[in-house]
Amino acid sequence: MDNLLSEGLELMVFGMGFVFVFLTLLVFVTGLMSKIVTKYAPAPEIKPAKKRAPAAGSASVSAPAANNDELVAVISAAVHKFRSN
């Protein structure tokens, strides 16, 4: 019985050691790949969109209200359909 227990513990230590070494290697390789990719293909710069001044009397002022009304109608219909089942 002692032999079986010692073999089981040996196998457990070997398995856990292998997993630990593999995960440590994976962390270092992933970091290295990240550095290589950012060196040769840096992220593109994102330019902020230009803001346009709204024209006087335009319909853009009432557009959010129309979107909210439509959104309330859609949500109300979804709740009604859910409760009717």
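Basis of the calculations
Residues numbered from 1 in each chain as written. Predicted model: local features only at pLDDT ≥ 70, side-chain atom pairs only at ≥ 80, totals over all residues. Heavy atoms only, no water. Helix = DSSP H or I, 4+ residues; strand = E, 2+ residues; numbered from the N terminus. Buried < 20%, exposed > 50% of the residue type's maximum accessible area, 1.4 Å probe, protein only. Areas by Shrake-Rupley, 256 points an atom, 1.4 Å probe, with all protein chains shown as cover. Patch = residues over 30% accessible without salt bridge, like charges linked within 9 Å, V, L, I, M, F, W, Y side chains within 5 Å. Salt bridge = Lys/Arg side-chain N within 4 Å of Asp/Glu carboxyl O. Expected span 1.5 Å × (residues − 1).

Novice: Explain the overall build of the protein to me, please; I cannot follow it from the model alone.
Specialist: Counting its secondary structure elements, the protein contains two helices and zero strands. Looking at the protein residue by residue over its 85 residues, the buried ones come to 0%. For the protein, the accessible surface area stands at approximately 8,700 Å², while carbon and sulfur atoms represent 71% of it.

Novice: Could you clarify how one ought to interpret a nonpolar patch on the surface in this entry?
Specialist: Together, Leu5, Leu9, Met12, Val13 and Met16 make up an exposed nonpolar region whose accessible area comes to about 520 Å². Among the structural elements, methionine 12 can be located in helix α1 (residues 2-40). Among the residues examined, methionine 12 registers a relative accessible area of 43% and is labelled partly exposed.

Novice: Can you walk me through α1 in this structure?
Specialist: Residue pairs three or four apart in sequence face the same way in an α-helix, which turns once every 3.6 residues. End to end, α1 covers 57 Å across 39 residues, agreeing with the expected 57 Å (1.5 Å per residue, within 8%). Burial analysis of α1 places just zero of its 39 residues in the buried class, a small minority of the element.

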